Amino acid sequence: MPEGHTIHRAAREQRRLLRGDAMRASSPQGRFAAGAALVDGATLRDVEAYGKHLFYRFGDGHLVHVHLGLFGRFRLHRAPVPEPRGAVRLRLVGERGGLDLLGPAACAVVDADERAALLARLGPDPLRADADPGAFTSRVRRSPAPVGALLMDQAVIAGVGNVFRAEALYACRIHPGRTGRDVSAEEADALWATVAGMLADGVRRGRIVTTANGRPWSRIPRGERTYVYGRETCLACGTPVQRFDLRGRMAYSCPRCQPR
DNA sequence: AAGAATGTTATGTA
DNA sequence: CTACATAACATTCT
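Residues numbered from 1 in each chain as written. Chains lettered and ligands numbered in written order. Predicted model: local features only at pLDDT ≥ 70, side-chain atom pairs only at ≥ 80, totals over all residues. Heavy atoms only, no water.

Considering the overall build of chain A
Okay, so step 1: Within chain A one finds 7 helices and 10 strands.
Okay, so step 2: In terms of overall size, chain A behaves like a compact globule, its C-alpha atoms giving a radius of gyration of 20 Å where 260 residues would be expected to give roughly 18 Å.
Okay, so step 3: Structurally, chain A occupies a C-alpha span of about 55 × 40 × 30 Å along its principal axes.
Okay, so step 4: The contacts in chain A between residues at least 6 apart in sequence include a share of 61% that link residues at least 24 apart.
Okay, so step 5: With 40 positive and 26 negative side-chain charges, chain A shows a separation of 6 Å between the mean positions of the two kinds. (Helix = DSSP H or I, 4+ residues; strand = E, 2+ residues; numbered from the N terminus. Rg over C-alpha atoms; globule rule 2.2 N^0.38 Å. Contact = heavy atoms within 4.5 Å. Lys, Arg positive; Asp, Glu negative; His and termini not counted. Charge placed at Lys NZ, Arg CZ, Asp CG, Glu CD.)

Considerations on the packing of aromatic side chains
Okay, so step 1: Counted according to the given criterion, the structure contains 3 aromatic pairs.
Okay, so step 2: Here Phe136 and Trp192 contribute two aromatic rings whose centre-to-centre distance is 5.6 Å and whose plane-to-plane angle is 45°, an arrangement assigned as tilted. You can see Phe136 sitting in helix 4 (residues 133-142) and its partner Trp192 sitting in helix 7 (residues 185-205), a full 56 residues away along the chain.
Okay, so step 3: Here Tyr229 and Tyr252 contribute two aromatic rings whose centre-to-centre distance is 5.0 Å and whose plane-to-plane angle is 65°, an arrangement assigned as edge-to-face. Of this pair, Tyr229 sits in the loop between helix 7 and strand 9 (242-246) while Tyr252 sits in strand 10 (residues 249-253); the two residues are 23 residues apart in sequence, bridging distant segments of the chain.
Okay, so step 4: You can call Tyr252 buried: its relative accessible area is 9%.
Okay, so step 5: One cation-aromatic arrangement involves Arg115 over Phe55; the distance from NZ or CZ to the ring centre is 5.7 Å.
Okay, so step 6: Positioned above the aromatic ring of Tyr170, the side-chain terminus of Arg173 is 5.4 Å from the ring centre. (Phe/Tyr/Trp six-rings, centres within 6.5 Å; stacked < 30°, edge-to-face > 60°. Buried < 20%, exposed > 50% of the residue type's maximum accessible area, 1.4 Å probe, protein only. Lys NZ or Arg CZ within 6 Å of the ring centre and 35° of its normal.)

Brief notes about the pattern of salt bridges
Okay, so step 1: Taken as a whole, this structure holds 12 salt bridges when the rule is applied.
Okay, so step 2: A salt bridge links Arg15 to Asp46; its shortest N-O distance comes to 4.0 Å. You can see Arg15 sitting in helix 1 (residues 4-18) and its partner Asp46 sitting in strand 2 (residues 44-50), a full 31 residues away along the chain.
Okay, so step 3: Its relative accessible area of 32% is what places Arg15 among the partly exposed residues.
Okay, so step 4: Across the salt bridge formed by Arg204 and Asp201, the nearest N and O atoms sit 2.2 Å from each other. Placement of the pair is Arg204 and Asp201 together in helix 7, with a separation of 3 residues, close to one helical turn.
Okay, so step 5: Residue classification places Arg204 among the exposed residues on the basis of a relative accessible area of 57%.
Okay, so step 6: The buried category is assigned to Asp201, whose relative accessible area is 15%. (Salt bridge = Lys/Arg side-chain N within 4 Å of Asp/Glu carboxyl O.)

Overview of the sheet that holds strand 1 (residues 24-26)
Okay, so step 1: Reading across the sheet, the 4 strands line up as 1-6-7-5 and stay open at both edges, with antiparallel pairing between neighbours. Since the sheet does not close on itself, it has two edges, and those belong to strand 1 and strand 5 (73-78), each with one partner. Shown here is a sheet whose adjacent strand axes are inclined to one another by a mean of 20°, direction ignored.
Okay, so step 2: By the bridge criterion, 5 bridges tie strand 6 (residues 88-93) to strand 7 (residues 97-102) in an arrangement that is antiparallel. Bridged to Leu92 within strand 7 is Leu99. (Pairing = 2+ DSSP bridges. Axes fitted to C-alpha atoms, helices over the stretch in contact; angles between N-to-C directions.)

Details of the pairing of strand 4 (residues 63-67)
Okay, so step 1: By the criterion of burial, strand 4 is predominantly enclosed, with 4 of the 5 residues buried.
Okay, so step 2: Pairing analysis gives 5 bridges linking strand 3 (residues 53-58) to strand 4, with the strands arranged antiparallel. Pairing of His53 across the sheet is with His67, part of strand 4.
Okay, so step 3: Between the end of strand 3 and the start of strand 4, which pair antiparallel, lie 4 residues, with Gly61 showing a positive phi angle near 95°.
Okay, so step 4: Note that strand 4 and strand 8 (residues 106-110) share 5 bridges and pair antiparallel. Within strand 8, the residue paired with Val64 across the bridge is Val109.

Digging into the pairing of strand 2
Okay, so step 1: Burial analysis of strand 2 places 5 of its 7 residues in the buried class, the great majority of the element.
Okay, so step 2: Bridge count for strand 2 against strand 3 is 6 bridges, and the pairing is antiparallel. In the strand pairing of strand 3, Tyr50 is matched with His53.
Okay, so step 3: Counting the residues that bridge the hairpin from strand 2 to strand 3 gives 2 residues, and of these Gly51 lies at a positive phi of roughly 55°.

Comments concerning the state of the cysteines
Okay, so step 1: Inspection of the entire model under this criterion finds 0 disulfides.
Okay, so step 2: Here Cys237 stays unpaired: no disulfide links it, and the sulfur of Cys254, its closest cysteine neighbor, is 3.7 Å away.
Okay, so step 3: Exposure remark for Cys237: the relative accessible area of 27% places this residue in the partly exposed category.
Okay, so step 4: Of all cysteine sulfurs, the one in Cys254 lies closest to Cys257, which takes part in no disulfide; the gap is 3.6 Å.
Okay, so step 5: Looking at Cys257, the relative accessible area reads 8%, which means it is buried. (Disulfide = S-S within 2.5 Å.)

Okay, structure coming up:
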């Protein structure tokens, strides 16, 4: 579930919930790291998203860092909010409803310095107005690493995961194994714009569909929502999709649409 | 019911 | 020092 768009969408929904509804925190499992007691019952003031990271600011001054990792998800409830089911690490409840955070890789109270250190490690996030595309382009073009690895490197660009890596490179006709150095400035710019568009689309839809062309995603059969990601053959041309391990994650590409 | 899956980080090795 | 591989950790679904 978690790529950058998921995080921004969650932040947006949660901000919307916040409006006119005081959300109070609790940690049903009592596994809420060191600051549990301090945050329990605190009122949520704001939710910030950066790349795949979320920061919750509470009225009592506490800041909670959340990272969904591979398995983390949010469950939204309308009031009355049911008993917690599963490993609920953080629960936020208001008058109209609430939400549970399950299985996150990180859910901990942090201070301003820790937040700053976390953000300092991240590259520009295309979903943020303050993002600098030039930083991405120059970093890519200086690197001898495969562009497929660079796209997943959160220090190079924040928010891209395995699906967007595969689909953005496909859309730009760039083979994931090409080195950053080998990517032209035009290609790098196009890659940024493509990722930005795909992430924004993901926020709007709440899912990743790179083949929709404006059609409702629900009318697109499962397995036809990406061109190469998770597929045996390229959706566009039918050529068998190449799969290979890139820095421990499976990369996908069409040898015909994305020649070396 | 084993295994895969939209991640990150720490650590070991070349 | 850097790059890369590996393991560990989180949970749900098929």
